[in-house]
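An overview of the molecular structure
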Amino acid sequence: MLEKIMRKYAMSRQGAKEFLLSIAACVLHNLSLMFPVGLLYYMVGDLLDGELLGGRIVFYVVGIAASLILIYVTQFWQYNATFFSTYKESGARRITLAETLRKLPLSFFGKKDLSDLTATILNDCTVIEHTFSHQAGQFYGSIISTVMIAVSLFFFDWRMALASVWVLPVSLLAVILSKKVQNRFNKRKNDVRIRLEDGLQQDIEALRDLKSNNSEQRIIDELEADIKDYEKKSIAAELGVAAFIVPAQMFLKIGIATTALVGSMLLIKEGAGFLMTFFMFLLVVSRIYEPMAGTLINLGAMNAMQVNIDRTNAMNDTPKQEGSTDFSPENCDIEFKNVGFSYHDGEAVLRNVSFIARQGEVTALIGPSGGGKTTVSRLAARFWDVASGTVTFGGRDIAKIDPETLLSEYSIVFQDVTLFNNTVKENIRVGRTDAADEEIFAAAKLANCDEFVSRLPNGYDTVIGENGSELSGGERQRISIARAFLKDAPVILLDEATASLDAENETVIQAAISRLIRNKTVLIIAHRMRTVSGADKIVVLKDGVVAEEGSPEELLKQDGIFAGMLKMQTEAQNWRI
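Attention here is on the structure that accompanies the text. (Residues numbered from 1 in each chain as written. Predicted model: local features only at pLDDT ≥ 70, side-chain atom pairs only at ≥ 80, totals over all residues. Heavy atoms only, no water.)

**Quick look at the pairing of strand β8 (residues 521-525)**
- Among the 5 residues that make up β8, 5 are buried, leaving the element largely enclosed by the rest of the structure.
- Taking every second residue as pointing to the same face, both faces of β8 are buried, with Thr521, Leu523 and Ile525 on one and Val522 and Ile524 on the other.
- Alignment of strand β3 (residues 362-366) against β8, held across 4 bridges, turns out to be parallel. When the bridges of β8 are listed, Leu365 appears paired with Ile525.
- Across 5 bridges, strand β7 (residues 491-495) lies against β8 in parallel orientation. Of the residues in β8, the one forming a bridge with Ile492 is Val522. (Buried < 20%, exposed > 50% of the residue type's maximum accessible area, 1.4 Å probe, protein only. Helix = DSSP H or I, 4+ residues; strand = E, 2+ residues; numbered from the N terminus. Pairing = 2+ DSSP bridges.)

Listed below in structure tokens is the structure:
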């Protein structure tokens, strides 16, 4: 049962256990609410018999007090079991999703919008949390307690019981059968919401370009259209739920009429002896339909929640990258052996790529845009897994190594730098979280950060804004390079690491890299031939294959792609306005 609950509601094992406890608490609380009804029934009977004042009043006073205490205790337990456990489970669910994201290959993120992933962790988890804190436990608790009460009624009088409870399964069945319709409405609403959030985020990030191209009005019109569409889908989703729940709740009221009608007929037939039974059933139906009406609303909310649970399970079910954490390579050579790869079926990005990036050497990847250079660097770090062939590190297939264990051997500088709204020092410390300040300053000096940090108001303790908004592109790039220096891993991947630097800074960084790479494996991607002029080996990638390979001198003698690129860049550098 626990496994089914865990799967059905995207729960942890502990969360499933506590969910069962919350149902038990709701059942006991609902049953405790029937004690005053029983007391009233017996009290009226005693009044009719004239026995209430004959010493039984103490019994009823104690009974009422005991009922109030029982109701309070069960309600307190229900609150703790339902709300507190739900909030703990919600935290565990978010942490589980975050851990899942950490272990997923980058191919997953390439197929998902950032706003979609954010919506799963924030919005979907919030919807599930609210449903379980306010509806799920109460739903199952009401169903169980109502069934228990309904069954007990048949022991008093099966005719009256049938007249009282027949509306319960009919109303419940009407809402259950509406689940597919509700899911369809909620999925449409959810899809529009994700599109709206994605468009809004994109517009904010591209605000500078939109303003510079006078495109604000067009974007506002598109945003307004998405908001109106979301409004329409939200109203449709609410109406889709109400169209089934409201009639089902109204149908419950028919049970009062059938109870009164059947009871009246039996009272006429059987006389005054049936009066107390009739009275008891009138008391019960006045109470039994109330939790059931709430149950129908809860069921509607649970039906609506299914879309959010499916999205959460879809993320958790995505195959994760795993492997051995026992990794002690004899050397740091990276070898590609007949590697093939594609981001989408039928669109090969790499075909039979083979080369070796040896330890202690700089291997440069160059070639026309779209040739596969960045893809090669990502495969080398196992951000994706190859479709065919193998990539080895020190002779071991990296597809069998745990990604986090493997990445501990890499220092990587991406073309697109990501910084945090924190100080310069803490942004560099990302490279190695346990680094001392002195080590951070040394790494920053190697990356030529001192020059611009000295101009900041608080030096290395200056907060640089979201994604380093207070810095220039070149300054942001140098912080990223300082991270790589700080990590000091045996393999260095540089993806256009000097693209945002001027010629002077590029020279300084290249000199620092030269000091850093002793006995290390360096894989560098560059478009500017000046950047790779000192490389030990150049691998030219064109159309997903290795077109040329060798030292710069060897490739110049071949007068092929490398020589042609070098000639074109030389001509471009001599161009004047």
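Read on for the rest.
**Structural notes on helix α16 (residues 437-446)**
- Those residues of α16 lying buried are Ile440, Ala443 and Ala444. Looking straight down α16, one finds that the buried residues subtend no more than 100 degrees of arc, so they occupy a single side. Facing away from the buried side of α16 by over 90 degrees, the exposed positions are Glu438 and Lys445.
- Those residues of α16 that are buried lie in contact with α15 (424-429), α17 (450-453) and α18 (473-487).
- Two residues or fewer past α16, Asn448 is found with a positive phi of approximately 65 degrees. (Arc of directions from axis to C-beta. Contact = heavy atoms within 4.5 Å.)

**Observations regarding the sheet that holds β3**
- Taken in spatial order, the 6 strands of this open sheet run β6-β7-β8-β3-β9-β10, and their pairing is mixed. Two strands lie at the open edges of the sheet, namely β6 (410-413) and β10 (545-550), each paired on one side alone. Between one strand axis and the next, the sheet turns through 15 degrees on average, direction left out of account. (Axes fitted to C-alpha atoms, helices over the stretch in contact; angles between N-to-C directions.)

**Points about the environment of Pro490**
- With respect to the helices, strands and loops of the structure, Pro490 is situated in the loop between α18 and β7.
- Note on Pro490: relative accessible area 23%, which makes it partly exposed.
- Measuring from C-alpha to C-alpha, the distance between Pro490 and Gln477 comes to 21 Å, with 13 residues separating the pair along the chain.
- Excluding its chain neighbours within four sequence positions, the residues that come into contact with Pro490 are Cys332, Glu409, Lys520 and Thr521.

**Focus: the environment of Gln477**
- Note that Gln477 resides in helix α18.
- Under the relative-accessibility criterion, Gln477 is labelled buried at 1%.

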